[in-house]
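# Observations on the three-dimensional arrangement
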Amino acid sequence: AFAGVAPDLDQHCQRIVRELSRAQDELRSGGAVAQGRVILGVSPTTGPLLLPGVVERMRRQCPQISLKVVDGFSNQLYDWLQAGRADVAVLTNPVNSRTVKVTPLISEPVVVYAKSQPRGGKRFFTVADLARTPVVSTEAIRLIADEQLQRYKARVRVEAEIDSVEAIRRLVLRGTNMALMPVSTFHEDVTSGKLTAWPIADANIHRILTLGQQADRRPSAAIDEVAQIMGAEVRALAESGVFSLPGGNNVAVRAPRSRKTRHQEKDSA
């Protein structure tokens, strides 16, 4: 921080320094090779999912780019983009805005997780089941679900809101609780047989993942490269089935090619 400077002016000064640094990187590269530092924002659910593949792709394709990753919930990431504290971020169901440009990546169902049970048990949840069955979830996913359940005049019955995704996972693995989370969150535990994921059969509860950038700033070649790599990783994960339930139930779909989403939820994981 700049000593003796007011916080707002301090942030503005830091942003100018970052912009100058990026401009120098562009001049040094002559526009031919993307290089420089990029700040990428991810959430507790998207970070573990996307970062391993993204870092590997960057090592192969653009090792000259320095990546800094910041972690926060979607509303925080949105604010960081607006303030220039992040260059690109994965947002969930963001609000329409003139200051943040969003590129839809994919839509995925929100499902109910439980410890695996013998075959012959429950195969899906209904809205009525969801309204009377205690579940754990993040506040963000609960808000998305409640927003989309309004048309059914129903709400999620949340036993506990927990920001830690790993804590939710451990509770479900112990058989202590059921959880309401996006289908990609515990995909590996479902495919390995540790957990069962049930679709919500009579309601399309889902989240839309988007890539957000500042609308009023021309992205550097390095930011463009990171954005393209993020999109490629999401496509690869979708093709491998990470965003859909085994057996094809509630298959995730590519979000529409638009810079604005149709959903207005403010806080998301």
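Our focus in this paragraph is the packing of helix H2 (residues 46-61) against helix H8 (residues 221-239). Relative to each other, H2 and H8 sit at 125°, their axes nearing to 9 Å. With respect to H8, the element H2 is oriented oblique. The handedness of the crossing between H2 and H8 comes out as right-handed. Taken together, the residues of H8 that come into contact with H2 (itself represented by Leu49, Leu50, Gly53, Val54, Arg57, Met58 and Gln61) are Glu225, Val226, Ile229, Met230, Ala232, Glu233, Val234, Ala236 and Leu237.

Note on helix geometry: an α-helix contains 3.6 residues per turn, so any two residues three or four positions apart are oriented the same way. What helix H3 (residues 74-83) keeps buried is the set Ser74, Leu77, Tyr78, Trp80 and Leu81. Down the axis, H3 shows its buried residues gathered within 165° of arc, on one side only. Looking at the packing, one finds that the buried side of H3 touches strand E1 (36-42), strand E2 (65-71), strand E3 (88-92), strand E4 (100-115) and strand E9 (206-214).

Glancing now at the nonpolar core. Residues Tyr113, Leu130, Ile168, Leu180, Met181 and Ile205 are the most contacted members of the largest nonpolar core, which totals 33 residues. Only E4, helix H4 (127-132), strand E5 (135-137), helix H5 (139-149), helix H6 (165-173), strand E7 (179-182) and strand E8 (195-198) provide two or more residues apiece to this core. In terms of residues, this core owes the most to one element, E4, which gives five residues. Among the nonpolar cores identified, the runner-up in size contains 27 residues, and Val42, Leu50, Val88 and Val90 belong to it.

Let's shift gears to the side chain of Glu233. You can see Glu233 is positioned in helix H8. Owing to a relative accessible area of 8%, Glu233 belongs among the buried residues under this scheme. In this structure, Glu233 is in contact with Leu50, Gly53, Val54 and Arg57, ignoring residues within four places of it in sequence.

Moving on: the pairing of E2. In this sheet, E2 lies alongside E1 in parallel orientation, the contact comprising seven bridges. By the bridge assignment for E2, Arg37 is matched with Ser66. The parallel pair E1 and E2, bridged by H2, forms a crossover whose chirality is right-handed.

Each value, and the rule that gives it
- Numbering of residues begins from 1 in every chain and follows the order in which that chain's sequence is written.
- Given that the model is predicted, a residue must reach a pLDDT of at least 70 before its local features are reported, and side-chain atom pairs must reach 80 or more before they are shown or counted; all residues, however, enter totals for whole chains, interfaces and linings.
- The side-chain numbers reported here are obtained from all heavy atoms of the structure, hydrogens and water having been left aside.
- Axes, fitted as lines to C-alpha atoms, cover a helix only where it is in contact. Angles between the N-to-C directions of the axes lie from 0 to 180 degrees.
- Secondary structure follows DSSP: runs of H or I at least 4 residues long count as helices, runs of E at least 2 residues long count as strands, and numbering of each begins at the N terminus.
- For this classification, under 35 degrees means roughly parallel, over 145 means roughly antiparallel, 65 to 115 means roughly perpendicular, and everything else is oblique.
- Take the far helix as the reference: if the near one is turned anticlockwise from it by less than a right angle, the crossing is left-handed, and if turned clockwise, right-handed.
- In what follows, a contact means two residues having at least one pair of non-hydrogen atoms within 4.5 Å.
- Per-residue accessibility, obtained with a 1.4 Å probe over protein chains only, is compared with the maximum for each type, and a residue is labelled buried under 20%, exposed over 50%, and partly exposed between these values.
- The arc in question is traced by the directions running from the helix axis to the C-beta atoms.
- Nonpolar cores were defined as sets of buried Ala, Val, Leu, Ile, Met, Phe, Trp, Tyr and Cys residues, with membership established by side-chain atoms within 4.5 Å.
- Paired strands are those between which DSSP finds at least two bridges.
- Whether a crossover is right-handed comes down to one check: with the strands pointing away from the viewer, does the path from the first strand over the helix to the second run clockwise; if it does, it is right-handed.

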